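One letter stands for each residue in the lines below.
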Amino acid sequence: MSTSPDDLALCARVRHGADFTLDVDLRLPGQGVTAVFGSSGCGKTTLLRAVAGLTRPAPGRIVVAGEVWQDDAARIWRPTHQRPLGVVFQEASLFEHLTVQGNLDFGLKRVPAAQRQVSLPHAVDLLGIGHLLGRRPAQLSGGERQRVAIARALATSPRLLLLDEPLAALDAARKAEVLPWFERLARELRTPMLYVTHSLDEVARLADHLLLLKDGRAVAQGPVAGLLARLDIAQSHGDAAGALIDGVVERIEADYQLLHVRFAGGTIQCVHAPGTPLRQPGERVRLRVQARDVSLTLRAAQDTSILNVLPASVTSLVADGPAQTLVALDAGGTPLLARVTRKSADALGLAPGQPVFAQIKGVAVLD
Ligand SMILES: Nc1ncnc2c1ncn2[C@@H]1O[C@H](COP(=O)(O)OP(=O)(O)OP(=O)(O)O)[C@@H](O)[C@H]1O
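Per an unreviewed UniProt entry, the protein goes by Molybdenum ABC transporter ATP-binding protein and derives from Ottowia beijingensis.

Now for the nonpolar core. Grouped together as the largest cluster of nonpolar side chains are 35 residues, with contacts concentrated most on L127, I129, L154, F182 and L185. Listing elements by their share of this core, those giving two or more residues are α2 (100-109), α3 (120-127), α4 (142-155), β8 (160-164), α5 (172-188) and β9 (193-197). In contact with L185, other than residues within four places in its own chain, are L126, L127, I150, L154 and M193. Within the second largest apolar cluster, 29 residues are counted, among which are I268, L296, V314 and A345.

Next up on the list: a nonpolar patch on the surface. The grouping of L54, V87 and F89 at the surface amounts to a nonpolar patch, some 230 Å² of accessible area in total. Mapped onto the fold, V87 is located in strand β7 (residues 85-88). Judged by relative accessible area, which is 32%, V87 ranks as partly exposed.

Before going further, it helps to examine the sheet that holds β9. Read across the sheet, 6 strands follow the order β7-β8-β9-β3-β10-β11 without closing on themselves; strand pairing throughout is mixed. Looking at strand neighbours, the two that pair on one side only are β7 and β11 (217-223), the edges of this open sheet. For this sheet, the mean angle separating the axes of adjacent strands, direction not counted, is 15 degrees. With 5 bridges joining them, strand β3 (residues 33-37) and β9 adopt parallel strand pairing.

Glancing now at α4. With 14 residues, α4 ought to run about 20 Å at 1.5 Å a step, and its terminal C-alpha atoms sit 20 Å apart, in line with that. Within α4, 13 of the 14 residues are buried, leaving the element largely enclosed by the surrounding structure. Phi turns positive one or two residues past the end of α4, at S157, with a value near 50 degrees.

About the cut-offs
Residues numbered from 1 in each chain as written. Predicted model: local features only at pLDDT ≥ 70, side-chain atom pairs only at ≥ 80, totals over all residues. Heavy atoms only, no water. Core = buried A, V, L, I, M, F, W, Y, C linked by side-chain atoms within 4.5 Å. Buried < 20%, exposed > 50% of the residue type's maximum accessible area, 1.4 Å probe, protein only. Helix = DSSP H or I, 4+ residues; strand = E, 2+ residues; numbered from the N terminus. Contact = heavy atoms within 4.5 Å. Patch = residues over 30% accessible without salt bridge, like charges linked within 9 Å, V, L, I, M, F, W, Y side chains within 5 Å. Areas by Shrake-Rupley, 256 points an atom, 1.4 Å probe, with all protein chains shown as cover. Salt bridge = Lys/Arg side-chain N within 4 Å of Asp/Glu carboxyl O. Pairing = 2+ DSSP bridges. Axes fitted to C-alpha atoms, helices over the stretch in contact; angles between N-to-C directions. Expected span 1.5 Å × (residues − 1).

Have a look at this one:
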C-alpha cells in the first residue's frame, strides 16, 4: 500500500491487566473511511482511545497527517486537548443545558479562527440540522442527537474523526435515518475517519478501507472490497458473507425499474430500491452481492429468469460447514463470492482456475 506522508501511522502497545494486550503497528490511509472491525473485546475502543491520547500506549508512536502526536523515542506526547480530532461515541454527550446552536458554538470555540477548515454553516448543512438549532438535546431524537454530535465534532476542523460505534445505540429506523448522512460525510469530506463498528452492513456502506482486529492484533487490512471477498474472512461472516462491487450507472430501464451498472467485470442489473432517489446515468454506486445469491454453471444458461450471468473464474474454494462450499471468483478483476452445496461443487468439479458463469439473483444497491 502507499506510504504517503498523509497516512496515519499507529504503533501502539496497550496492556489491560494480564489478559489483554493491544499490539499494533499500522499504516492506514490518510483519507476516506477506515472501518475498524472485530468481535467484542478485540481492542477496537482501546485503539481509538490510544489515538485520542485518552490511553497512553507504551511504547507508542502516533503520526496523523504528518503531525506527531506521540513518539516515545523523541519524547513527544500531545495530550488529548492538543490533538485536532473529533470524537463521536455511541451515546452523544451533548450539553443538556445548551441549545443545539450553543453546543455547536462550544465546539467551535476550541479552534482558533485561522485553523478552521470546516465552517459551522457547512457542518450544519452536511448533517441537515439547520431546523434543530434552537432546540435543546432533550427535544431531539437519538438519530438527531448523533447528527448534532457529529456536526459539533466537525466544527472543530479535526485532522481525524474517531467514531466509536456511533449507530449502535439507535434502533433500526434511526440507523436508517442517520446512515445516509454518514455516507454524505464520507463522500464530501476529506477528513479521514476511523469508524469502529460491529455491523457488516455499515462496513459495506461506508468503508473504503477495512482493518480487522482479533485479540488485540491486526489480522488484516486493505481496501474493503478485496478484504470482504477473502475466503478466510468471509467464512467468519456466515450468512452475511458477500462481495462489494463499485460501478457506474450505465442506463436506467424505467419500464422495469432496473439499473444497469457497469463495473470491471461487465454489467450488472439490479432493481431500483423503492423509496430511494432515482439514480442518474454516470452516477457511481456501490452494490452488494451476497454469496448465498450467487449460483454457478459451466455453460451460460438460456431461458433463465436470472438477469445477471457473468463470466468468471474460480480463484479458490473452501468447505463452509459439512454441506456447503464457499467459492471465491474473479469476474474481470472484480472479486465475487458464491455459496453452493458441497454436492454441487463436486458435481461441477470446481477447482481453482476453472472458468464458470456466476448467476446472480439478488443485488442490493448500497449507496
Ligand atoms: N480500563 C480497562 N481496564 C482493564 N481492562 C480493560 C479496560 N478497558 C478495556 N479492557 C479490556 O480490554 C479488552 C479490549 O477492550 P475494548 O473495549 O478495546 O474492546 P472492543 O473491541 O472495543 O469491544 P466492544 O466491541 O465490546 O466494545 C477487553 O477484554 C476489555 O475487557
